[in-house]
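Below are the chains, spelled out letter by letter.
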Amino acid sequence: MESQYLRYIAQEVSLETGSTIEEVRKEAHGILVEMSQNLQLGFIRLMAYMISKVFKRLFTSMFINMEGLKTLQQAIQENPVILMPNHRSYIDFLAISYIMFRYDIPLPVIAAGIPLAGMKMVGEILRRSGAFFIRRSIGSDKLYWAVLSEYVKTIVRKGFAPVEFYVEGLRSRTLKSLMPKLGMMHMVLEPYFKSEVFDITLVPISISYDRVLEESLLAHELLGVPKPAETTTGLLKASKVLQENYGCMHVNFGRPLSVRQLCQGKINRCQYNLIPRDLPQKPSADIQACVSWLAHLMVRIQEQGSLISPWSLMASVLLQAPASLLLEEGLLWNQLTEKTLWLKKLALAFGARLNWPAQVPDADVMSSTVAIHRAVVRRKAGLVYLVQEEEPARRHPVSPEEGVIRTAAPLLMLAAYKNQSVHVFVRPAMVAAAIDVTKSTGRDELFAFFCFLRDVFANEFIFVPGQASQDFEEACSLLKKCGALHVSQQEVTVSEAGAEVFCFLQAFLQPFTNAYQVMFRYICEEEAISFSEKQFLLAVRNLTTKLILSGELNTYEVLSSDMQKNILSALRRLEAVTKMRASDQNEFRVNKTAIRRIADTLSGKIPPQMLQTTPDARL
């Protein structure tokens, strides 16, 4: 509250609003009281006791890499530490705090969304466990941004405790990595940029689950079902999850990374010497680019540190079978296990980290995996069927449209688990798509199409800025390693043994390609050149349902609201859709010519060189 920065902002807000400085500072103090954590060790001990009981009911095992914990303990003694876990479940931060308490490592303070009105008791529990709360919608509230920024930077400067936040910003409803949000990243790094600390240590953490507690809830949210109200009563009613088996949890503490070393040669910190450091200063282009690069790098390292479960591989295989087959006739168990074991070998060849017990027969591993996920699939008489949720008794029969949604729910759950391995296969799959669409063997043509896909799918998958060439070479190397490609300096050709690999990879990427083409089709066929986001999502869902019922489309993942929003964000980034400034309703204006060109390039009708795109520059 006594910082010069906050005093300066208080004066600015006072001039802009007409309030006195005392009134503004009183408001800032209220924000701080609402926000700040109140970590109490006695309360932590009680929470640890309760959490250990809950985790023993939920999980059969909890695995931690002890080497990572030891390096973390040493890093905390040397520099300010920023813990950066991925976010897949509500219990992520509980797991990390519990582990650090058990191994006598200083507990972190955790950035969390402010609890809703019905969660005041839970909010106080989290506050005493080290959480500090950020409003879910801040907008352009200058004073709130200033208090939050100064609060976070003070913790980093003083080294009070490790700071933990989710660089993805939100819990991933699709279980794949989200594009990083840069607001908190700027805040925690600014003390280093301004030379207020010698160095900052970033610790990426990868949390992997055999089964996620919220799997059904996430699938229904993606289909537009309203999220249940967050209340303490609702939390207590959710205790039925304790009766289920969620398999294992794996927590991988990555190698601590020095910001000083990572930023060497990338930024010029002298700009902060030109004006007093207490005054607000907009980051330069090189600082912004460096923060974005660091954020993407952290998410990429999180992906590389995660463990892929057998169910993720089995889900990938199941999704390549027609939905009608899984619902009616069933997929042969032997066919599923055989293809899964083949995919296991391919994943290992691609460098994946698998959670596949070596001492247990493969058949037993897959049988126990299906037993854990009996809410999604069931095994009967040598066949595997998709499980649809039971409908309550109703007067009227289920309409075809409602039937599509019923089928989509378990398929989106399968797609979520498939997404746990998407980072392993996506780059080779993009090379396979480039070969299939361009019908070319030239490295330059394939690399151009690879860069185009990388640019279009930048909201779907994590690509580190500036590494397009490295990604392409790595994908070609992996395909060559598994015998699917012959690679020379000028040409890339598919080997005879690579047909099965390429068939799988093309099918792996196909749902994403189909989703983008459906969205492009809707926009180009629609007469209107502007629309609101709400209208757009509803219309695309209706079109997708219609295409599925007609048999023209068999990709249920297109119904995912997150994928639809990602496509809209990609079109804005590619400047094919622009937001109308005068509107408060999230209305957008469409450039149909640009969208047709992107769609034609995606389908191979025109070469990517004809598009005015700069792949890495946009990232």
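In case you missed it, the structure is sitting above this.
Right, let's walk through the structure included here.

Cut-offs and rules
Residues numbered from 1 in each chain as written. Predicted model: local features only at pLDDT ≥ 70, side-chain atom pairs only at ≥ 80, totals over all residues. Heavy atoms only, no water. Helix = DSSP H or I, 4+ residues; strand = E, 2+ residues; numbered from the N terminus. Buried < 20%, exposed > 50% of the residue type's maximum accessible area, 1.4 Å probe, protein only. Contact = heavy atoms within 4.5 Å. Pairing = 2+ DSSP bridges. Axes fitted to C-alpha atoms, helices over the stretch in contact; angles between N-to-C directions. 1 Å grid on protein atoms, 1.4 Å probe; cavity = no way out; pocket = protein on both sides within 12 Å on 5 of 7 lines; lining within 4 Å. Points joined across faces, edges and corners; volume = space filled by probe spheres on them. Nonpolar A, V, L, I, M, F, W, Y, C, P; charged D, E, K, R; others polar. Expected span 1.5 Å × (residues − 1). Polar contact = N/O pair within 3.5 Å; in protein donor to acceptor, adjacent residues only side chain to side chain.

## Thoughts on the environment of Q271
- Tracing the backbone shows Q271 in the loop between α11 (259-262) and α12 (285-305).
- Relative accessible area serves as the criterion here: at 16%, Q271 is assigned to the buried category.
- Not counting residues up to four positions away in its chain, the partners in contact with Q271 are Q281, S284, D286 and I287.

## Some details on the sheet that holds strand β14 (residues 530-532)
- In space, the three strands of this open sheet follow the order β14-β16-β15, with antiparallel pairing throughout. Two strands in the sheet have a free side with no partner beyond their single neighbour: β14 and β15 (577-579). Direction aside, neighbouring strands of the sheet carry axes that sit 30° apart on average.
- Across three bridges, the pairing between β15 and strand β16 (residues 587-590) is antiparallel. Paired with K579 across the strands is F588, a residue of β16.

## Quick look at the layout of surface pockets
- Roughly 400 Å³ of volume is contained in the second largest pocket.
- Every residue lining the second largest pocket is counted, 18 residues in all, and those nearest its centre are Y5, S149, K153, E190 and Q281.
- Its residues assigned to classes, the lining of the second largest pocket comprises 10 nonpolar, four polar and four charged.

## Concerning empty space enclosed by the protein
- Evaluated as defined, the whole model comprises four cavities of 30 Å³ or more.
- Taken as a whole, the largest cavity spans an internal volume of roughly 190 Å³.
- Taken together, 17 residues form the lining of the largest cavity, with N86, R88, L175, S306 and Q420 sitting closest to its centre.
- Mapped onto the lining of the largest cavity, the elements with two or more residues apiece are β6 (201-209), α12 and α18 (422-438).
- Per element, the largest residue contribution to the lining of the largest cavity is three residues, and it comes from β6.
- Split into classes, the residues belonging to the lining of the largest cavity amount to six nonpolar, eight polar and three charged.
- Surrounding the second largest cavity, I44, M47, A48, I51, F93, L94, S97, Y98, F101, L107, I110 and S129 form its lining.
- If you list the elements that add at least two residues to the lining of the second largest cavity, you get α3 (41-58) and α5 (92-102).
- The biggest single contributor to the lining of the second largest cavity is α5, with five residues.

## Thoughts on α12
- Along its 21 residues, α12 runs 30 Å from first to last C-alpha, staying within 8% of the 30 Å computed at 1.5 Å per residue.
- Here α12 lies mainly inside the structure; 15 of its 21 residues are buried.

## Things to note about unusual backbone geometry
- Unusually for a residue other than glycine, D104 sits at a positive phi of about 55°.
- Looking at the element boundaries, D104 is found in the loop between α5 and β3 (109-113).
- Judged by its relative accessible area of 66%, D104 is exposed.
- Phi angles above zero are rare outside glycine, and A381 is one such case at about 50°.
- Note that A381 resides in the loop between β10 (377-380) and β11 (383-386).

## Some points on the side chain of T544
- Take T544: it is sitting in helix α22 (residues 533-550).
- Given the relative accessible area of 0%, T544 is considered buried.
- In terms of polar contacts, T544 uses its side chain to reach the backbone carbonyl oxygen of V540, at 2.8 Å.
- With residues up to four places along the chain from it excluded, the contact list for T544 reads V518, L553, V558 and L559.

Any functional reading would require information beyond the geometric quantities listed.
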